[in-house]
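Structure at a glance
What follows is each chain in one-letter form.
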Amino acid sequence: MTKKIINYGSINIDYVYRTPHFVRPGETLHAESFTKGLGGKGANQSVAIARSGGHVVHVGQLSTLDRWARDVLVNAGVLVDFIDEVDDASGHAIIQVDSDGENAILLHGGANQSVDIKSLEKAMEETDDVEYLLLQNECNNSELAINAALTNKIKVAFNPAPMSQDVASLNLEQLDTLIVNELEAQALTGSRNINDSISFFVTRLPATRVVMTLGAKGSILVNGGNVVEFPSTSVDVIDTTGAGDTFVGYFLQSLVSGLDDMSALEIASSAAALAVTERGAINAIPNIERVTEFIHG
Ligand code: RIB
């Protein structure tokens, strides 16, 4: 059995509106369609790990009124024993998806912002064979979560999405893996130039594997002074929501299953390419059989 991943991550209720364009200031716009479902960068990444064949224990929090969301995770194969239920509203996201498949997301943190670090500590104590703690930036207590993993000699993978100012003050040098998109890389490095970002990561995070996802421009991985680029695959884009989360989940599980960086990039890029060809977040995350068929034909 492969080792496990604990994901300390958000659980959101996504309200998704297809619109001809993003609503402009002062404008009132009719949506073309509406759907409600489970989302959140944390939940999406847990589902991606499970669908890629991994064992993932999700630690997080949601409202007692949204037990159905927990059931969606269970059905996807995510272990949910350390998801707490509270009286607060669940985190939620208002998502507009325009005619190009791009999205604009308004977040309300809700229960994701009061997760008890003790739940994570308990998960670490009671789960054997944990290789990674994965976290994003939609829950409170990121610093405590990283420190708890390091204390327990668990490797940390961090996807600082959505980016916030306090990320720079975290102990990034101690991360095993950092996965950022272009905007997150710019915010961390202070430069819009990809080569500057690469130099920043080589010198400032020499012991960390850094992956920059660049959408249609593919991805770049920086690890121990080595820099590798991986191209994207051209597909018909229907909805980009959750594609980054699909990439993160697939990439990390590929590492856990023993693949090298390049193979992990190939699998994660292919899974993300498939994810943008369908509507929704969790709904669009492919399983490993589809990804393998996509790669090998
Ligand atoms: O990355 C996509 C996710 O971002 C959505 O599911 C939404 O909940 C926000 O967290």
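Now for a look at the structure at hand.

About the cut-offs
Residues numbered from 1 in each chain as written. Predicted model: local features only at pLDDT ≥ 70, side-chain atom pairs only at ≥ 80, totals over all residues. Heavy atoms only, no water. Helix = DSSP H or I, 4+ residues; strand = E, 2+ residues; numbered from the N terminus. Rg over C-alpha atoms; globule rule 2.2 N^0.38 Å. Buried < 20%, exposed > 50% of the residue type's maximum accessible area, 1.4 Å probe, protein only. Contact = heavy atoms within 4.5 Å. Axes fitted to C-alpha atoms, helices over the stretch in contact; angles between N-to-C directions. Parallel < 35°, antiparallel > 145°, perpendicular 65-115°, else oblique. Left-handed = near helix turned anticlockwise from the far one by under 90°. Nonpolar A, V, L, I, M, F, W, Y, C, P; charged D, E, K, R; others polar. Phe/Tyr/Trp six-rings, centres within 6.5 Å; stacked < 30°, edge-to-face > 60°. Pairing = 2+ DSSP bridges. Near = heavy atom within 4 Å. Areas by Shrake-Rupley, 256 points an atom, 1.4 Å probe, with all protein chains shown as cover. Salt bridge = Lys/Arg side-chain N within 4 Å of Asp/Glu carboxyl O.

A closer look at the overall build of the protein chain
From N to C terminus, the protein chain includes nine helices and 13 strands. On C-alpha atoms alone, the protein chain measures out to a radius of gyration of 18 Å, which is about the 19 Å that the 2.2 N^0.38 rule sets for 297 residues. Overall size of the protein chain, expressed as C-alpha extent along the three principal axes, is 50 × 40 × 40 Å. Evaluated residue by residue, the protein chain yields a buried proportion of 53% over its 297 residues. Of the contacts formed within the protein chain by residues at least 6 apart in sequence, a portion of 64% connects residues at least 24 apart.

So, the packing of helix H3 (residues 117-126) against helix H4 (residues 142-151)
For the pair H3 and H4, interaxial distance at closest approach is 10 Å and the crossing angle is 20°. Put simply, H3 runs roughly parallel to H4. Note that H3 runs across H4; the crossing there is right-handed. Between H3, through Ile-117, Leu-120 and Met-124, and H4, the contact on the second element is made entirely by Leu-144, Ala-145, Ala-148 and Ala-149. Looking at side-chain class alone, the contact of H3 with H4 contains seven nonpolar, no polar and no charged residues.

Some details on the packing of aromatic side chains
For the structure shown, the criterion picks out four aromatic pairs. Taken together, a centroid distance of 6.3 Å and an interplanar angle of 15° make the contact between Tyr-15 and Phe-34 stacked. A residue pair is termed long-range when its members are at least 10 positions apart, and Tyr-15 in strand E2 (residues 12-18) and Phe-34 in strand E3 (residues 33-39) qualify at 19 residues. Taking the relative accessible area as the measure of exposure, Tyr-15 reaches 24% and is therefore partly exposed. Overall, Phe-34 belongs to the partly exposed group, its relative accessible area being 45%. Measuring from ring centre to ring centre gives 6.0 Å for Phe-247 and Phe-251, while their planes differ by 10°; the resulting arrangement is stacked.

Here's the deal with the sheet that holds strand E7 (residues 103-108)
Sheets are built from strands paired through backbone hydrogen bonds, the pairs being either parallel or antiparallel. In space, the four strands of this open sheet follow the order E3-E2-E6-E7, with mixed pairing throughout. Of all the strands in the sheet, the pair left with one neighbour each is E3 and E7. Each neighbouring strand pair of the sheet contributes to a mean axis angle of 20°, computed without reference to strand direction. As paired elements, E2 and E3 share seven bridges and run antiparallel to each other.

A word on the site of the ligand
As a matter of local geometry, the ligand sits amid 13 residues, with Asp-14, Gly-40, Lys-41, Glu-138 and Asp-245 nearest to it. Compared with its free state, where it exposes 280 Å², the ligand has 96% of that area covered by protein. A breakdown of the residues in the shell around the ligand according to their chemical character gives four nonpolar, five polar and four charged.

Some points on the side chain of Ser-142
As for its placement among the helices and strands, Ser-142 is situated in helix H4. Apart from the residues within four sequence positions on either side, Ser-142 is in contact with Leu-135, Gln-136, Asn-137 and Leu-170.

Some points on the side chain of Ser-119
Position of Ser-119 relative to the elements: it lies in helix H3. In this structure, Ser-119 is in contact with Val-59, Phe-82 and Asp-84, ignoring residues within four places of it in sequence.

Digging into the pattern of salt bridges
Counting across every chain of the model gives nine salt bridges. Between Arg-70 and Glu-85 there is a salt bridge whose closest N-O contact spans 3.5 Å. Placement of Arg-70 in helix H2 (residues 67-76) and of Glu-85 in strand E5 (residues 79-86) is noted, with a sequence separation of 15 residues between them. The class for Glu-85 is partly exposed, based on a relative accessible area of 27%. Via salt bridges that share partners, Arg-67, Arg-70 and Glu-85 belong to a single interconnected network.

Topic: the environment of Ile-288
Relative to the helices and strands, Ile-288 resides in helix H9 (residues 288-296). On the basis of relative accessibility, which here comes to 24%, the residue Ile-288 falls in the partly exposed class. Ile-288 sits 38 residues away from Tyr-250 along the chain, and the two C-alpha atoms are 8.9 Å apart. Ile-288 has contacts with Arg-51, Ser-52 and Tyr-250, leaving out every residue within four places of it along the chain.

Take it as geometry only, folks, not as evidence of what the structure does.
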